[in-house]
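So the chains spell out like this:
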Amino acid sequence: DAKTTQPNSMESNEEEPVHLPCNHSTISGTDYIHWYRQLPSQGPEYVIHGLTSNVNNRMASLAIAEDRKSSTLILHRATLRDAAVYYCILRDTSYGKLTFGQGTILTVHP
Amino acid sequence: DAGVTQSPTHLIKTRGQQVTLRCSPKSGHDTVSWYQQALGQGPQFIFQYYEEEERQRGNFPDRFSGHQFPNYSSELNVNALLLGDSALYLCASSGGQPFPYEQYFGPGTRLTVT
């Protein structure tokens, strides 16, 4: 499985944008980039995914580097509810397993 | 619409015993995946069931087995429990529209082996 590298932790203030980076230098041409997050005492939840182009949805934006070796999850205005562990995952099939790493612990300050 | 449900919420077992965990997928989903999450770690993939067959398996011993029923619900069985099997066991379902590839996770079953 292609590997991803994320910072162990990041901090943000409420109402400010947050940029969560992910490096995936060994990504293959068919790997999709997925982001999931896990709030305290809950199962992970899907955030966003993309292949080559930048993607937006109601939760976040995903910016993918032109060479696809890195990506950034953007939360436009962090809220206290966004405090969670964020996982960047490469997925080689549409139905396949999710391979979670350590993720980034995001702390949001009021 | 109920999401993914899992039972029981918590479970305490003794080494050597066997345990069965249950999962009901989100309505409209036909695929169930199971994950193990040790404290402080990310979830680790155990296996995935589709059309009542194991479609993909992670690096877990044969003590871990599963089943999917015609109504798409699933069970995870673990035999000969070890202390190291203590973890949060997560079930995820997928296959629904309009986003068939997203996995929706349940709240998990916390298993403690003493």
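S.K.: Describe in detail the overall build of chain A, supporting the description with residues and values.
M.R.: For chain A, the helix and strand inventory stands at zero helices and nine strands. Listed N to C, the secondary structure of chain A is β-β-β-β-β-β-β-β-β in terms of helices and strands. Taking 110 residues into account, the globule formula puts the C-alpha radius of gyration at 13 Å, and chain A, at 13 Å, falls close to it. By residue count, 44% of the 110 residues in chain A fall in the buried class. A fraction of 56% describes how many contacts in chain A between residues 6 or more apart in sequence connect residues 24 or more apart.

S.K.: Residues and numbers for the overall build of chain B, please.
M.R.: Summing up its helical and strand segments, chain B has zero helices and eleven strands in all. Reading the secondary structure of chain B in the N-to-C direction produces β-β-β-β-β-β-β-β-β-β-β. Relative to the globule expectation of 13 Å for 114 residues, the C-alpha radius of gyration of chain B, 13 Å, shows essentially globular dimensions. Buried positions account for 48% of the 114 residues belonging to chain B. Of the contacts formed within chain B by residues at least 6 apart in sequence, a portion of 54% connects residues at least 24 apart. Split by element, the accessible area of chain B, about 5500 Å² in all, is 50% carbon and sulfur. Here chain B contributes 8 positively and 10 negatively charged side chains, and the mean placements of these two sets differ by 12 Å.

S.K.: Give me the lowdown on the nonpolar core, citing residues and values where you can.
M.R.: All names here are of chain A. Counting 21 residues, the largest nonpolar core has Leu20, Ile33, Trp35, Leu73, Leu75, Tyr86 and Leu106 as the members making the most contacts within it. Secondary structure elements with two or more residues in this core: β2 (18-23), β3 (32-38), β4 (45-50), β6 (61-64), β7 (70-75), β8 (84-91) and β9 (104-109). Among the elements that line this core, the one with the most residues is β8, at four residues. Contacts of leucine 73, omitting those with residues within four sequence positions, involve Val18, His19, Leu20, Trp35, Val47, Ile48, Ala60, Ser61 and Tyr86.

S.K.: Residue-level account of the side chain of B:Gln48, with values.
M.R.: Tracing the backbone through its elements, the reader meets B:Gln48 in strand β5 (residues 44-50). Here B:Gln48 falls in the buried class, since its relative accessible area comes to 0%. In this view, B:Gln48 contacts A:Tyr95, A:Gly96, B:Thr31, B:Val32, B:Ser33, B:Glu53, B:Glu54, B:Arg55, B:Gln56 and B:Gln103; residues no more than four positions away in its chain are not counted.

S.K.: Describe in detail the interface of chain A and chain B, supporting the description with residues and values.
M.R.: By a frequent convention, interface size equals the accessible area lost on bringing the separate parts together. Counting residues at the interface gives 15 residues for chain A and 18 residues for chain B. For the pairing of chain A and chain B, the buried interface totals around 1500 Å² over both sides, and the portion due to carbon and sulfur atoms is 51%. Interface area lost by chain A to chain B is led by A:Tyr95, A:Lys97 and A:Phe100, which between them contribute 32%. Viewed at the interface, chain B and chain A are joined by zero salt bridges. Of all the secondary structure elements, the ones that give two or more residues to the side of chain A that touches chain B are β3 and β8 of chain A. Here the side of chain A that touches chain B is composed, by residue class, of seven nonpolar, six polar and two charged.

S.K.: Tell me about the sheet that holds β7(A), residues and numbers included.
M.R.: Residues and elements named next belong to chain A. Read from one edge of the open sheet, four strands run β2-β7-β6-β5, paired in antiparallel fashion. Both edges of this open sheet fall to β2 and β5 (55-56), since each of them pairs with a single strand only. Alignment of β6 against β7, held across four bridges, turns out to be antiparallel. Residue pairing across strands places leucine 62 opposite leucine 73, the latter belonging to β7.

Criteria and thresholds
- Residues numbered from 1 in each chain as written.
- Chains lettered and ligands numbered in written order.
- Predicted model: local features only at pLDDT ≥ 70, side-chain atom pairs only at ≥ 80, totals over all residues.
- Heavy atoms only, no water.
- Helix = DSSP H or I, 4+ residues; strand = E, 2+ residues; numbered from the N terminus.
- Rg over C-alpha atoms; globule rule 2.2 N^0.38 Å.
- Buried < 20%, exposed > 50% of the residue type's maximum accessible area, 1.4 Å probe, protein only.
- Contact = heavy atoms within 4.5 Å.
- Areas by Shrake-Rupley, 256 points an atom, 1.4 Å probe, with all protein chains shown as cover.
- Lys, Arg positive; Asp, Glu negative; His and termini not counted.
- Charge placed at Lys NZ, Arg CZ, Asp CG, Glu CD.
- Core = buried A, V, L, I, M, F, W, Y, C linked by side-chain atoms within 4.5 Å.
- Buried area = accessible area lost by both parts, 1.4 Å probe.
- Salt bridge = Lys/Arg side-chain N within 4 Å of Asp/Glu carboxyl O.
- Nonpolar A, V, L, I, M, F, W, Y, C, P; charged D, E, K, R; others polar.
- Pairing = 2+ DSSP bridges.

Everything listed is a geometric property; what it means functionally is a separate question.
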